[in-house]
Amino acid sequence: MVTFLRRWTLRSSSFALTWLYTLYRIHPAVWRLTARQYRPYMGHFARLHAWMTCQFAAIDVPAYGDFLRRGNWRFRWFDLSSYPPTDKRSYVQAYSEAQRCRHGEIEIAGSVVDESSGSSGQPFNWIRSRRELRSVHKNLAGYATMVFPSKRRFVINAYSMGAWATGTNTGIAMSTIAMVKNTGPDLQKIADTLRYFGPGFDYIVTAYPPFLKHLRDKLDAEDFPWADYRISGLVGGEGMTEALRDYLQERFLKVRSGYGASDLTIGIAGESDFSVWVRRRLRTDAALRAALLGADEHRLPMIFQYNPLETYLETTADNEVLCTINSTAVLNPRVRYNIGDEGRLISYPDVVAAITDPAADRAWQVDRMRLPLLFLYGRKDSTISYMGANIYPQDVEYGLYTNNPQAHLLQSFCLQVVEQADLESRPVVNLQLRDGVALSPDERRALAHTCRAGVLRHLAEVSRDFAESLAEDPSAADLRVEIHEYGTGPFAGAGSTIKNVYLVRGVPA
């Protein structure tokens, strides 16, 4: 009887809260008002809802119930931390799609399948219900109206239009607040569209950050009349340096970034004028950096604002971000899900308290969001993201060593994304030669060519995302290979570690 009452109390409460959240999505103006009226005490309510969401999933989702039983879980009232974190390996790969849905059933009509690529190129499918997608679209639309206020929006959607979540959902969401053309990443088509429709609109180009630079460079080469147009950019899928933002905003009115993941949702968080101001200030303000990030932190994270009532975020002891989507509309619940991103969460009042420059208030007045801030460093694993595709060490290793007659020259490798002098961010495969190996300049060039060709060939074969990038934007093939003598460059001091370090994180500008 106690279990029955608990179940129906949680069920009715969760449905009531989900219904309540739909009220502020009725119109973008209501969404903006809610984001501007958020207060820290609401975070306690959001945490309570996250606990209810976890318990609701424990009751109604077969996979999650089994996951908890296998971990000898014990019910505790109002204790969110009692629920163990889930991730792709321990939960998604361990259970079938139907088992991870409510009542063990896939909702057919209205559901849409998004796809992302796994660590070995295995595609991962994510089913989203009609109600879930409606919430995603309204949240993205509300955010866009806040960041890009206009009555004559024209969105040019340059994301890939395949099974990826970002492209199709962005087009649908933006169609509720703007005129939309889904061009995909076709530079010529975008240039033709801008010229055909002329300067009478407020254009927003949605794309991956590198593509936006390609667009600027193409239009510059064609003497495009930038001064006659009002063009902004909304990017996502990977991080963006402030140097690239500076370069883009020499032509674009504004460039803002959103944060999401196929595993979760595309609308987890977004940049505001205030969050961008804070990030740019962290480049030069050592005191502010120490106060917000710690005295020994030299990396510059992306900074977003997010709504805990929708997506409740936590961080682990290792600073990995956990996400619980607080909605019964989610067909395949994500509860305390660890996607592997490293980050830090700070409330809006705490960030403001650490700032002494009055310019911060002027930046805040633009969007006026009081939502908490997510300081995001990116994937904590060995994955690098480029043009919307994930590049994994094991795939690079296959490319280096499969049918490579020079593989015996290599000691190890590591990956990084490096921003070049022309502000293009490119993936770099650093190769360490074996101790005692000496190569002539011609031999080094030949080795680099062989390894680059092998890696590109293997990535195109096993990663659908990477193959799609190559087909839609040939510049995605510009993968760099750098050869280093043993124990030099990024491999200096590597001999003191037991395991190879496959990822070198640069310090963003």
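This write-up is about the structure you can find in this document.

1. Some thoughts on the packing of helix α11 (residues 273–282) against helix α12 (residues 286–293)
Inference 1: In the contact formed by α11 and α12, the axes pass within 8 Å of each other and the chain directions differ by 115 degrees. Packed against α11, whose contacting residues are V278, R281 and L282, the element α12 presents L288, R289, L292 and L293 at the interface.

2. Quick notes on the sheet that holds strand β19 (residues 480–484)
Strands pair in a sheet through their backbones, by hydrogen bonds, and they do so in one of two ways: parallel or antiparallel.
Inference 1: Taking strand neighbours across the sheet as the criterion, the 3 strands line up as β17-β18-β19 in an open arrangement whose pairing is mixed. A strand with exactly one partner marks an edge of an open sheet, and here the two such strands are β17 (410–419) and β19. Between one strand and the next, the sheet's axes are offset by a mean angle of 25 degrees, whatever the strand orientation.
Inference 2: Note: β17 against strand β18 (residues 425–433), 9 bridges, orientation antiparallel. What sits directly across from V418, in β18, is R426.
Inference 3: Together, β17 and β18 form the strand contacts of helix α15 (residues 393–401), whose direction differs from that of β17 by roughly 125 degrees.

3. Describing the nonpolar core
Inference 1: Formed by 60 residues in total, the largest nonpolar core has its most connected members in Y64, Y91, M174, Y259, F304, L313 and L374.
Inference 2: Setting aside chain neighbours within four positions, we find Y91 in contact with V61, A63, Y64, F67, T86 and R100.
Inference 3: Counting residues in hydrophobic clusters, the runner-up holds 28 residues, among them I384, F413, V429 and L459.

4. Points about α12
Inference 1: Among the residues of α12, L288, R289, L292 and L293 are the ones counted as buried. Along α12, the residues classed as buried sweep out an arc of 100 degrees about the axis, all on the same side. Set apart from the buried face of α12 by more than 90 degrees, the exposed residues are A286, A287 and A291.
Inference 2: Those residues of α12 that are buried lie in contact with α11, β13 (337–346), α13 (348–353) and β14 (373–379).
Inference 3: The distance from a side-chain oxygen at the start of α12 to the backbone nitrogen of A287 is 3.2 Å, and the residue carrying that oxygen is D285.
Inference 4: Trailing α12 by a residue or two, G294 shows a phi angle of about 110 degrees, which is positive.

5. Focus on helix α17 (residues 464–472)
Counting along an α-helix, one turn takes 3.6 residues, and residues three or four places apart therefore face a common direction.
Inference 1: Buried residues of α17: D465, F466 and S469, and no others. Buried residues of α17, viewed axially, fall in a sector of 95 degrees; they line one side.

6. Overview of the environment of T383
Inference 1: With respect to the element layout, T383 can be found in the loop between β14 and β15 (384–386).
Inference 2: Once the C-alpha coordinates of T383 and G340 are considered, the two residues, 43 residues apart in sequence, prove to be 9.7 Å apart.
Inference 3: With near-sequence residues (within four places) excluded, T383 lies in contact with N390, I391, Y392 and L503.

7. What to know about empty space enclosed by the protein
Inference 1: Under the criterion given, the structure shown has 5 cavities of 30 Å³ or more.
Inference 2: The computed volume of the largest cavity comes to approximately 140 Å³.
Inference 3: Looking at the lining of the largest cavity, the element that brings in the most residues is helix α6 (residues 130–147), giving 4 residues.
Inference 4: Here the lining of the largest cavity is built from residues that sort into 4 nonpolar, 6 polar and 3 charged.

Cut-offs applied
- Residues numbered from 1 in each chain as written.
- Predicted model: local features only at pLDDT ≥ 70, side-chain atom pairs only at ≥ 80, totals over all residues.
- Heavy atoms only, no water.
- Axes fitted to C-alpha atoms, helices over the stretch in contact; angles between N-to-C directions.
- Helix = DSSP H or I, 4+ residues; strand = E, 2+ residues; numbered from the N terminus.
- Contact = heavy atoms within 4.5 Å.
- Pairing = 2+ DSSP bridges.
- Core = buried A, V, L, I, M, F, W, Y, C linked by side-chain atoms within 4.5 Å.
- Buried < 20%, exposed > 50% of the residue type's maximum accessible area, 1.4 Å probe, protein only.
- Arc of directions from axis to C-beta.
- Polar contact = N/O pair within 3.5 Å; in protein donor to acceptor, adjacent residues only side chain to side chain.
- 1 Å grid on protein atoms, 1.4 Å probe; cavity = no way out; pocket = protein on both sides within 12 Å on 5 of 7 lines; lining within 4 Å.
- Points joined across faces, edges and corners; volume = space filled by probe spheres on them.
- Nonpolar A, V, L, I, M, F, W, Y, C, P; charged D, E, K, R; others polar.

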